[in-house]
Amino acid sequence: MIAGSGKASGIALVISDVDGTLVTGDKRLTEATVTAVRRLRAAGIGFSIASARPPIGLRNLVAELQLDLPMGAFNGASVVRPDLSTIEERTIPEAAARSALDRLLAEGLDVWVFAEGAWWLRDPEGPYADLERRTIGAEPRVVADLGPLMGSAAKIVGVSRDHAHLAACEARIGSALAGQATIHRSQKYYLDVTPPHLDKGRFVTWMSAHLAIPPERIATFGDAGNDRPMFAHSGFSVAMGNAEAAVKAAARAVTDSNDADGFAHAVERFLLP
């Protein structure tokens, strides 16, 4: 069921999260979603994505959606062109990265590191590793020690099948590293550590300046806690039906779930003339 405050007027740009929002639970773009993006473009409304994924994980989306604007990867810490060349990228300060790694391991989490253009881990058969392979279309590099990567880490991820434990870890580690790194769950099972003061909201602000589109003319879509900063920096925001209650409460409107073409339905209901 779709709920909201009626049509948004004057929207010139849409920025959407990917996993849990734009794609289904099995990581597919539906025909309805592809058509919705095509209709936005036909109506003169730009479209881009902001994702926790590394740049390589956006490659298939560029082709399927014919994306032609800069995109935000690593929760906005990296801005890339449609050909995946880097416009700008920040890494986590080394001291904060080492502290995050120690804390994630102490919590009993599997840990992944995205650094030097690759995905690194210690256990290739660990929780959700197969899902990540399918999601980003890449194989991990297996190492015994992640420590040497802490000077070049763009994102560190704590992974767990215990979603309640991961939520508690988000609160504890977020408090411990406040101001040193950005800590958000991008999924119920992924806890992302990214550079400080950089998030998807910052990417919305960057796009606003880059395209000379005021924030009030930007609409954003998301489902997770790391999408809430986008909502705060855009004029119209839509939470997916599968989002947590706090995410829905932060949005201007709520649509159907990602497995029920919620993105496409909201584009039709709220954005298209």
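A short tour of the structure in this document, coming up. This one's a predicted model, so the numbers in the text were calculated from it and none came from an experiment.

So, the packing of helix α1 (residues 31-42) against helix α9 (residues 262-271)
Relative orientation of the contacting elements α1 and α9 amounts to 30°, with a least axis distance of 8 Å. Put simply, α1 runs roughly parallel to α9. In this structure, α1 contributes Ala 32, Thr 33, Ala 36, Val 37, Arg 39 and Leu 40 to the contact, and α9 contributes Phe 263, Ala 264, Val 267, Glu 268 and Leu 271. When the residues that make up the contact of α1 with α9 are grouped by side-chain class, the tally is eight nonpolar, one polar and two charged.

Looking at the sheet that holds strand β12 (residues 218-222)
Strand pairing in a sheet takes place through backbone hydrogen bonds and is either antiparallel or parallel in direction. Read across the open sheet, the five strands follow the order β2-β1-β12-β13-β14; overall the sheet is parallel. Of all strands in the sheet, those bounded by a partner on one side alone are β2 (46-49) and β14 (253-254). Pairing geometry for strand β1 (residues 13-16) and β12, over four bridges, is parallel. Looking across to β12, one finds that Val 14 is bridged to Ala 219. Helix-sheet contacts for helix α6 (residues 200-211) involve β1, β2 and β12, and the interaxial angle to β1 is about 155°.

Here we look at α1
Three- or four-residue spacings in an α-helix give side chains the same orientation, since the helix completes a turn every 3.6 residues. Along its twelve residues, α1 runs 16 Å from first to last C-alpha, staying within 8% of the 16 Å computed at 1.5 Å per residue. Along α1, the positions that sit buried rather than exposed are Thr 33, Val 34, Ala 36, Val 37 and Leu 40. Projected onto a plane normal to the axis of α1, the buried residues spread over an arc of 160° and lie on a single side. Counted as exposed and oriented over 90 degrees from the buried face of α1: Glu 31 and Ala 42. Packing partners of the buried residues in α1 comprise β1, β2, α2 (59-65) and α9. Of the residues trailing α1, Gly 44 is marked for its positive phi of about 80°.

What counts, and where the lines are drawn
Residues numbered from 1 in each chain as written. Predicted model: local features only at pLDDT ≥ 70, side-chain atom pairs only at ≥ 80, totals over all residues. Heavy atoms only, no water. Axes fitted to C-alpha atoms, helices over the stretch in contact; angles between N-to-C directions. Helix = DSSP H or I, 4+ residues; strand = E, 2+ residues; numbered from the N terminus. Parallel < 35°, antiparallel > 145°, perpendicular 65-115°, else oblique. Contact = heavy atoms within 4.5 Å. Nonpolar A, V, L, I, M, F, W, Y, C, P; charged D, E, K, R; others polar. Pairing = 2+ DSSP bridges. Expected span 1.5 Å × (residues − 1). Buried < 20%, exposed > 50% of the residue type's maximum accessible area, 1.4 Å probe, protein only. Arc of directions from axis to C-beta.

None of this, on its own, says anything about what the molecule does.
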